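Each chain, letter by letter, is given below.
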2 protein chains.
Amino acid sequence: MENEHRPPEAGGKAVFLFDLDGTLVDSVYQHVTAWRNAFGKMNIKLSNWRIHKRIGMSDELIVRLLSHEAGHLVSIPDVEMMRKLHTEFFLREAGNLRLLPGARELLTFLSTNSVPYAIATSSSMERAADSLKMLGIGSDVPVITREQASHGKPDPALFLAAARNMGVDISDCIVVGDSVWDILAARRAKALGVGLLCGGYAEEELFRAGAYRVYEDPADLLENLDELGVYR
Amino acid sequence: MENEHRPPEAGGKAVFLFDLDGTLVDSVYQHVTAWRNAFGKMNIKLSNWRIHKRIGMSDELIVRLLSHEAGHLVSIPDVEMMRKLHTEFFLREAGNLRLLPGARELLTFLSTNSVPYAIATSSSMERAADSLKMLGIGSDVPVITREQASHGKPDPALFLAAARNMGVDISDCIVVGDSVWDILAARRAKALGVGLLCGGYAEEELFRAGAYRVYEDPADLLENLDELGVYR
């Protein structure tokens, strides 16, 4: 068989691993602003679009790669300071965050139909807490944050940890994310990657990263779940 | 000849028509936030990415198309009120605006080398004033704002007005913009459209809209001006 990816077999179970920011919560643009402000405090000037293209990566990579692009070398304490600044700026905006259309409905549908899912985010628990609360994520849903994996995306460690936590094979998982880094991580882990446009990446970028399918947002994914082997 | 677009002939003059927001000034993400807040005041909830994809269009189209997407019908007074709200929110951020890398250097190079250019923006003069000042645009550079054209982009009226103002044929002009709407307007006007990535659109989106070339930002365009017939 040429394509090693396959939808779960009849009788097998689809398992979903969701990214959080930009996938279920409309927070990418607030993250861009928070990073711009954090870099600004360190006198590192970056265009917004360059920051946007890195969102979804681990904080360490965001700081190191963007500083390098701007011609700065940052030390490990600098990285830590900028992570803190970013969290501080981001949490100021937390009151303005909203779920993406269909996010709660999608998760409710999966729960009701006994389709297992987990959340795997490059974010820290501190930064993710409000979003998880808005989504109504209970203790029955595994949540893997940056603290529980050796590396953030595009390293597949987060998704591998989520699959392990659920006792499923990663190659039976469908990773849903808005960023190129989610899709690349899914591919390295041999999971199917499904892209969502609601983080601001273009359809072509997600397909070029290897997305199996691309939908607009969680509402559009919910409409088309049959395509991914979840039949009504 | 199959391709009716052509670089200016030897001896002819390249003429540049620049978009402003997202092309010379790093303001697209601030516009997204300002529109989100303006729509929010009217109780219209929109995802950030949907707003981002409309930036560059005229205010009227942004309000009408996005309201429609969100399932609202807006009246003409509503459009006017939301334009005002957006301007108010945007101007609060005006202190945080920065030029995009190479913007001033590019315009200085063109001036020094007697390559004529104009600015053509869907924005109002009130909203564009700070940006024009940062760029050091003098009275010798034609600036066409929304007030001087019957329609905003993707209608070509702004670019046609700019060419008329300069006494040049629109088909001898090179339109430089960051949004799909700039490139589509250029194409309708039979000008060459050059895309810049610094407004957050993907390369593929700009090429698909018909871009002749795509560069990262004004600095990258300046590096590659020879490709567009401006020889050093």
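Residues numbered from 1 in each chain as written. Chains lettered and ligands numbered in written order. Predicted model: local features only at pLDDT ≥ 70, side-chain atom pairs only at ≥ 80, totals over all residues. Heavy atoms only, no water.

1. Overview of the sheet that holds strand β1 (residues 15–18) of chain A
Residue and element names in this part refer to chain A. Spatially, β3-β2-β1-β4-β5-β6 is the arrangement adopted by the six strands of the open sheet, whose pairing is parallel. Every interior strand has two partners, whereas the edge strands, β3 (143–144) and β6 (213–215), have only one. Relative to strand β4 (residues 173–177), β1 is paired through four bridges, and the arrangement is parallel. Pairing of V15 across the sheet is with C173, part of β4. Helix α5 (residues 103–112) contacts β1 and β2 (117–120) of the sheet and is inclined by roughly 150° relative to β1. (Pairing = 2+ DSSP bridges. Helix = DSSP H or I, 4+ residues; strand = E, 2+ residues; numbered from the N terminus. Contact = heavy atoms within 4.5 Å. Axes fitted to C-alpha atoms, helices over the stretch in contact; angles between N-to-C directions.)

2. Observations regarding the packing of helix α1 (residues 28–41) of chain A against helix α4 (residues 76–92) of chain A
All names here are of chain A. Two numbers describe how α1 lies on α4: the axes approach to 8 Å, and their chain directions differ by 135°. The angle between α1 and α4 falls in the class oblique. Considering only the axes of α1 and α4, their crossing is right-handed. Along its contact with α1, which presents Q30, H31, A34, W35, N37, A38, F39 and K41, the element α4 presents M82, R83, L85, H86, F89 and F90. For the contact of α1 with α4, a count of residues per class yields eight nonpolar, four polar and two charged. (Parallel < 35°, antiparallel > 145°, perpendicular 65-115°, else oblique. Left-handed = near helix turned anticlockwise from the far one by under 90°. Nonpolar A, V, L, I, M, F, W, Y, C, P; charged D, E, K, R; others polar.)

3. Concerning the interface of chain B and chain A
Counting residues at the interface gives 25 residues for chain B and 25 residues for chain A. When chain B packs against chain A, close to 2,300 Å² is buried across both sides, 45% of that on carbon and sulfur atoms. A salt bridge links E204(B) to R208(A); the shortest N-O distance between them is 2.7 Å. Our enumeration of links across chain B and chain A arrives at twelve residue pairs in polar contact (both at pLDDT 80 or more). Contributions of two or more residues to the side of chain B that touches chain A are made by α1 (28–41), α2 (48–52) and α9 (203–208) of chain B. Looking at the side of chain B that touches chain A residue by residue, the classes come out as nine nonpolar, five polar and eleven charged. (Buried area = accessible area lost by both parts, 1.4 Å probe. Salt bridge = Lys/Arg side-chain N within 4 Å of Asp/Glu carboxyl O. Polar contact = N/O pair within 3.5 Å; in protein donor to acceptor, adjacent residues only side chain to side chain.)

4. A word on the pairing of strand β4 (residues 173–177) of chain B
All names here are of chain B. Counted residue by residue, β4 has five buried out of five residues, so it is predominantly covered. The two faces of β4 match: C173, V175 and G177 on one face and I174 and V176 on the other face are all buried. Handedness of the crossover is the feature at issue here: the chain leaves β4, passes through helix α8 (residues 180–188), returns alongside strand β5 (residues 192–196), and the resulting connection is right-handed. (Buried < 20%, exposed > 50% of the residue type's maximum accessible area, 1.4 Å probe, protein only. Right-handed = clockwise from strand over helix to strand, strands pointing away.)

5. Re the relation of the copies chain B and chain A
The two copies are related by a screw motion: chain B maps onto chain A through a turn of 180° and a shift of 0.0 Å along the axis, at an RMSD of 0.0 Å. One copy is carried onto the other by what is essentially a two-fold rotation axis. In this assembly, 100% of the residues forming the interface of chain B have copies in chain A that are likewise at the interface, indicating an isologous arrangement. (Least-squares fit on C-alpha atoms with pLDDT ≥ 70 in both.)

6. Structural notes on the nonpolar core
Ranked by size, the top nonpolar core spans 130 residues in total, and within it F16(A), F18(A), L221(A), F16(B), F18(B) and L221(B) carry the most contacts. Sequence-distant contacts of F18(B), that is, excluding residues within four places in its chain, are made with L24(B), L106(B), L107(B), L110(B), Y117(B), A118(B), I119(B), A120(B), V176(B) and L221(B). Judged by nonpolar contacts, the second largest core, of 20 residues, contains A157(A), M166(A), I170(A) and A191(A). (Core = buried A, V, L, I, M, F, W, Y, C linked by side-chain atoms within 4.5 Å.)

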